[in-house]
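Notes for the structure review
Now for the letters of each chain:
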Amino acid sequence: MGVMSHTVGEGHPGMKAVTPDGDPVLAARLAVPTVPGTFVRRQRLVEQLAEGARSPLTLVNGPAGAGKTLLVADWTTAFDPGDAAWLTVEPQDSAPGVFWAYVLHAFRHHGVALPEYIGSPARPGEVDHSLLARLAAWLNGRESRVTLVLDEFDRVAGCTEVADELQFVLRHAGAGLRLVIISRTEPLLPLHRYRAAGELVDIRADDLAFRTEETAALVDRHGLPLSAEGARMLTERTGGWAAGLRLCTLAAQRADDPESFLKDFEAGHSTVADYLLGEVLRVHPAETQDLLLRTSILEETHPDLANALTGRDDAEPILEELQRANAFVEPVGHSWYRLHPLFAEILRVHLGVRHPGLEPELHRTAAQWLIGAGLLDEALPHAADAGDWELAAAEFIDHLAIGRLLTGLAAERLDGLFARMAPEASGPAPDLVRAARELARHDVDRGVTYLRRAEENLPGGDSGDGAAARLSCAVLRVLAARVAGSADLAETAARAAAEAERALPADRLGQSPELTALMLTDLGSAQLWAGRFEAARSTLSDAVRTAEGPATALPRHEALSRLALIDFLHGRPGRAEAHARDAIAEAEHSGLPVSDRTGMAQLVLAAVAIDRDDLAAAQGHLDQTAATSAASRDPIVAVELAILRSRLLCARGDSRSALLALDDLAEQPLVSAEPSAWVSDRIAMATAAAHLADGDPKAAVRVFEDRPVHGPESLVAEARAWVAAGGAERALRILDRLPDHHDRGPAIDVWVLLTRAQAVAALGDSAAAEGLLLRALAAARPHHLRRPFLEAGPWLGRLLLHRPALAREHAWLTGTLAREPGAARPRNGYPGPRPEPLSAREQDVLERLAQLMSTDEIAADLHLSVNTVKTHLKSIYRKLDATRRGEAVRRAREFGLL
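Fair warning: this is a prediction, and the values are worked out from it, not measured in the lab.

Focus on the overall build of the protein
The number of helices and strands found in the protein is 48 helices and seven strands. Computed over the C-alpha atoms, the radius of gyration of the protein is 41 Å, more than 25% above the 29 Å expected from 2.2 N^0.38 for a compact globule of 898 residues. Overall size of the protein, expressed as C-alpha extent along the three principal axes, is 135 × 75 × 50 Å. Of all 898 residues assigned to the protein, the portion counted as buried reaches 54%.

Set out below in structure tokens:
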């Protein structure tokens, strides 16, 4: 403050200045408070004060200890706002004459030379209006603005005379006066007019609250170490309250482990508690103190709820006054209020001291009031804190909220709440809650045990009495059946759910859309596992059509994902991709965490990408699936993840690792689910494909021995194995067993046509093979299905080589089949040095090896002895640095030899 002096006497040399009531002027009230060395200057607030240089009024308004005074004191001393005066207001300033006498003394004390004609108030209780007019006129005529800081103005906030007179001077002083008011409450000035005119700089409690980085700076100023996480926790717990932060930091200086102290200090027994109890609680009347103590158990309070806790009817005016007084009570809208978190914590400790044993009863009263107000989420924690678990569980079930333990934004919080439920809590409702928690963890045995116990105690009959519990029980039965892999049990439970729904009003069901969405998704999933694809498609489509929203996001996402899988299994990659992307969009739109997603949509996209030979994209989708929790607990996801990893390894030429991936799957049972025929088929198909890629067609044939084949894809896979093993006629007989293809998508048709083409080509009918190939290419082209052709074997490349027109017409595929040597897909990223050249005969043997011909077949085809072929094979293995057939073929492809 550039012109501040510390001379008290003025007017009459040698005489002490006095107020109109004859008391001496207290110089300490005119002094700018000293800013301590540990003060943290916060640039964002300084900038707000600087912006006020163009405004007549600045209000710094916040609770006790918010840092208001030091903020303005630092600004006035460090940033030189020009002529400025400081006055710390006291309660006796409610007398207008005393107040204005002190204002005039403050001006003179800080070097603002007032003309003698302005005069001074003659009486303590009033001030002559002409004096105020002369002061305002003089200020308005100045070339430079004077800043007047009134600290602790809340001490006269109720005095309308002082407020009116201050408004008069401020309005008529024009650009000559800037008024800075520091107060716990709003002054009785027409603030709305200043706000509307853009003439008010308003710094509130939220602005004054310390941010995490400012807390870290404050603690550092006190010479204490504090991690970023520690600063965040301390800021959150204190609500950024300046005095609380400083008091905690001072106490931490005496602690052995300052950081641990700052994270875990006992608020109720600390200097912070002493400050708040003394500065905030005890200054209020007994009724206000009682209300604050009783409502401290609440996160938010309403006047009617506060009245229920106090047993009185005076909460509304008390809460309004506390809010006006900035007494750590703030409005949150619609007549609801919230206590400062640290203040509430301290009050709860004090409640236990003043009223031992009262807190559980207050929680029970709060729970009952909140339930009556339709606020179940807010009521449940209070019922739990009261130890009334029967009330908590009964209301939870009666509100049809059981699904919220399984899905939605509140699932984790509710699970944590009911994890505290006492074992003694009995009845159907507590057991249904326990069952839901166990089934959510896929513990069928424990979940079903609780379900049975709940069912034994359910009220009988079909009336509305107990209908909510019966519906909850049926929905959980569907979930249990899904986890157990039983479509029959799931469908039986779904019928029971429908029956229970009929006993409930439609509006109650409409308030819990997640129940229907969950039940349909679980039922559809059980039907899918059982291979009832059409029923599953219908049920899952119904699930997708349930109401959108956070509560139904997860089941809708899961239903879309499973619809995508059904489309893929039926050979429709376009529809599968569309459903998968819709599933991902549902998850993204609702903000589902990646770990909570099913992973199925990413699996389907990976499968489609592999079929299109986009291996990098496939790998990315598989990695995203592995990041979900479903990868370990959902049997379909786990199986498909292993199968697609195997397919990807085969596509990259690592057939040995592909087989190992499937071996691991066979050795680790996933769940105690009933067997799924189509899942077994998928595993068999992947295993056979890996054996074929490894150059062992006989092993591929053995995969299908003594096991039933259920779907068209399995029949095609078995036929492929027989063609590769030299059994073309057997392969054709298998393909002839394929059912009518009305439900077969283009992807399956491509495999069927290619396998039949390979079989007839092996039997010497090249014209028929070419015709079948043309049909396969036509079916594959719209969907860019390259992988079936890449896995078809060398016969296809040779056929296209001799049909250049056909190759040109299908350049989208032939470029993949006939990569230049330099573009070959390497093993481990690079094929290594070029091998020693193969002889012409070795090249002949190698090409037949790639066709999966046995040693005997190669010898017969080349008119060589078996021993000569074995000699050539040893030479090929040596030159290609390989030890097995599959590895030799893979290396040859890497170097462009095939």
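Next comes the rest of the description.
As for the layout of surface pockets
Empty space among the atoms becomes visible once a probe the size of a water molecule is rolled across them. Size it by volume and the second largest pocket reaches roughly 1,000 Å³. Forming the boundary of the second largest pocket are 42 residues, of which Gln-323, Ala-325, Asn-326, Ala-327 and Phe-328 lie nearest the centre. The leading source of residues in the lining of the second largest pocket is helix H15 (residues 315-324), at five residues. By residue class, the composition of the lining of the second largest pocket is 22 nonpolar, 10 polar and 10 charged.

As for helix H9 (residues 228-238)
For H9, the full list of buried residues reads Gly-230, Ala-231, Leu-234, Thr-235 and Thr-238. Taken end-on, H9 shows its buried residues confined to a sector of 130°, consistent with a single buried face. Pointing more than 90 degrees away from the buried face of H9 are the exposed residues Ala-228 and Glu-236. Looking at the buried residues of H9, the elements they touch are helix H8 (212-221), helix H10 (242-252), helix H11 (258-264) and helix H16 (341-354). Of the residues trailing H9, Gly-239 is marked for its positive phi of about 65°.

A look at helix H1 (residues 43-51)
Residues separated by three or four positions in an α-helix point in the same direction, a consequence of the helix having 3.6 residues per turn. All of the buried residues along H1 are Arg-44, Leu-45, Val-46 and Leu-49. Its buried side turned inward, H1 meets strand E1 (57-61), helix H2 (68-78), strand E4 (177-183), strand E5 (200-203), helix H7 (205-208) and H8.

Here we look at the pattern of salt bridges
Any two side chains of opposite charge can pair, given that their charged atoms come close. If you walk through the whole model with that rule in mind, you get 64 salt bridges. Of the charged contacts, one joins Arg-364 and Glu-361 as a salt bridge, the two residues approaching to 3.1 Å between their closest N and O atoms. In this pair, Arg-364 and Glu-361 both sit in helix H17 (residues 359-372), three residues apart, roughly one turn of the helix. What makes Glu-361 partly exposed here is its relative accessible area of 40%. Of the charged contacts in the structure, one is a salt bridge between Glu-491 and Arg-532, with a shortest N-O distance of 3.0 Å. In this pair, Glu-491 is assigned in helix H24 (residues 487-502) and Arg-532 in the loop between helix H26 (513-529) and helix H27 (533-544), connecting sequence segments 41 residues apart.

What about the packing of aromatic side chains?
Taken as a whole and assessed by the stated rule, the structure comprises seven aromatic pairs. Arranged with centres 5.3 Å apart and planes meeting at 90°, the rings of Trp-241 and Phe-328 form a pair that is edge-to-face. Of this pair, Trp-241 sits in the loop between H9 and H10 while Phe-328 is found in the loop between H15 and strand E6 (329-333), placing the two residues 87 residues apart along the sequence. We note that Trp-241, like Phe-328, is buried. Among the aromatic residues, those joined into a cluster by ring pairs are Trp-241, Phe-328 and Phe-343. Its end group placed over the ring of Tyr-102, Arg-29 keeps NZ or CZ at 3.7 Å from the ring centre. Directly above the ring of Phe-210 sits Arg-42, whose terminal nitrogen or CZ lies 3.9 Å from the centroid.

Digging into unusual backbone geometry
Phi is positive for His-334, which is not a glycine, with a value near 55°. Here His-334 shows up in the loop between E6 and strand E7 (336-339).

Notes on the pairing of E6
The pairing of E6 with E7 spans four bridges and is antiparallel. Paired with Glu-330 across the two strands is Arg-338, which belongs to E7. If you look at the hairpin formed by E6 and E7, you'll find two residues sitting between the two strands, and His-334 has a positive phi there, around 55°.

Observations concerning the sheet that holds strand E2 (residues 84-88)
Spatially, five strands are ordered E2-E3-E4-E1-E5 in an open sheet, and the strand pairing comes out parallel. Strands at the two margins of the open sheet, each flanked by one partner only, are E2 and E5. Taken over all neighbouring pairs, the strand axes of this sheet differ in orientation by 10° on average, direction set aside. Where E1 lies against E5, four bridges are found, and the strand directions are parallel. Across the sheet, the residue bridging to Leu-59 is Asp-202, located in E5. In the packing of helix H3 (residues 96-109) onto the sheet, contacts are made with E2, strand E3 (146-151) and E4, and the angle to E2 comes to roughly 140°. Across the sheet, helix H5 (residues 160-172) touches E1, E3 and E4, and the angle it forms with E4 is around 145°.

A closer look at empty space enclosed by the protein
Taken as a whole and judged by the stated rule, the model has four cavities of 30 Å³ or more. When its volume is computed, the second largest cavity comes out at roughly 40 Å³. In terms of lining residues, the second largest cavity is bounded by Trp-100, Val-103, Phe-107, Leu-135, Leu-139, Leu-148, Leu-166, Val-169 and Leu-177. Mapped onto the lining of the second largest cavity, the elements with two or more residues apiece are H3, helix H4 (129-141) and H5. The greatest single-element share of the lining of the second largest cavity, amounting to three residues, is contributed by H3. A breakdown of the residues in the lining of the second largest cavity according to their chemical character gives nine nonpolar, no polar and no charged.

Some details on the packing of helix H30 (residues 600-611) against helix H31 (residues 615-626)
With their axes 8 Å apart at the nearest point, H30 and H31 run at an angle of 160° to one another. The angle between H30 and H31 places the two elements in the roughly antiparallel class. Every pair of crossing elements has a handedness; the one defined by H30 and H31 is left-handed. Residues Gln-602, Leu-603, Leu-605, Ala-606, Ala-609 and Ile-610 of H30 lie in contact with H31, whose contacting residues are Ala-617, Ala-618, His-621, Leu-622, Gln-624 and Thr-625. Residue composition of the contact of H30 with H31, grouped by class: eight nonpolar, four polar and no charged.

Comments concerning the nonpolar core
In this structure, Phe-396, Ile-402, Phe-418, Val-433 and Leu-476 are the most contacted members of the largest nonpolar core, which totals 159 residues. When residues of this core are assigned to their parent elements, the largest contribution, 13 residues, is made by helix H23 (residues 467-484). Those residues in contact with Phe-396 that sit more than four places away from it in its chain are Leu-376, Leu-380, Ala-401, Ile-402, Leu-405, Leu-414, Phe-418 and Val-433. Ranked by size, the runner-up nonpolar core spans 45 residues in total, among them Leu-59, Val-89, Val-103 and Trp-138.

Quick look at the environment of Asp-596
Locating Asp-596 in the fold gives a position in the loop between helix H29 (573-590) and H30. Residue Asp-596 is classed as partly exposed on the basis of its relative accessible area, which comes to 37%. As a C-alpha pair, Asp-596 and Leu-339 span 257 residues in sequence and 34 Å in three-dimensional space.

Things to note about the side chain of His-110
Here His-110 is to be found in the loop between H3 and H4. For His-110, the side chain forms a polar contact with the main-chain nitrogen of Trp-86, separated by 3.4 Å.

Parameters at a glance
Residues numbered from 1 in each chain as written. Predicted model: local features only at pLDDT ≥ 70, side-chain atom pairs only at ≥ 80, totals over all residues. Heavy atoms only, no water. Helix = DSSP H or I, 4+ residues; strand = E, 2+ residues; numbered from the N terminus. Rg over C-alpha atoms; globule rule 2.2 N^0.38 Å. Buried < 20%, exposed > 50% of the residue type's maximum accessible area, 1.4 Å probe, protein only. 1 Å grid on protein atoms, 1.4 Å probe; cavity = no way out; pocket = protein on both sides within 12 Å on 5 of 7 lines; lining within 4 Å. Points joined across faces, edges and corners; volume = space filled by probe spheres on them. Nonpolar A, V, L, I, M, F, W, Y, C, P; charged D, E, K, R; others polar. Arc of directions from axis to C-beta. Contact = heavy atoms within 4.5 Å. Salt bridge = Lys/Arg side-chain N within 4 Å of Asp/Glu carboxyl O. Phe/Tyr/Trp six-rings, centres within 6.5 Å; stacked < 30°, edge-to-face > 60°. Lys NZ or Arg CZ within 6 Å of the ring centre and 35° of its normal. Pairing = 2+ DSSP bridges. Axes fitted to C-alpha atoms, helices over the stretch in contact; angles between N-to-C directions. Parallel < 35°, antiparallel > 145°, perpendicular 65-115°, else oblique. Left-handed = near helix turned anticlockwise from the far one by under 90°. Core = buried A, V, L, I, M, F, W, Y, C linked by side-chain atoms within 4.5 Å. Polar contact = N/O pair within 3.5 Å; in protein donor to acceptor, adjacent residues only side chain to side chain.

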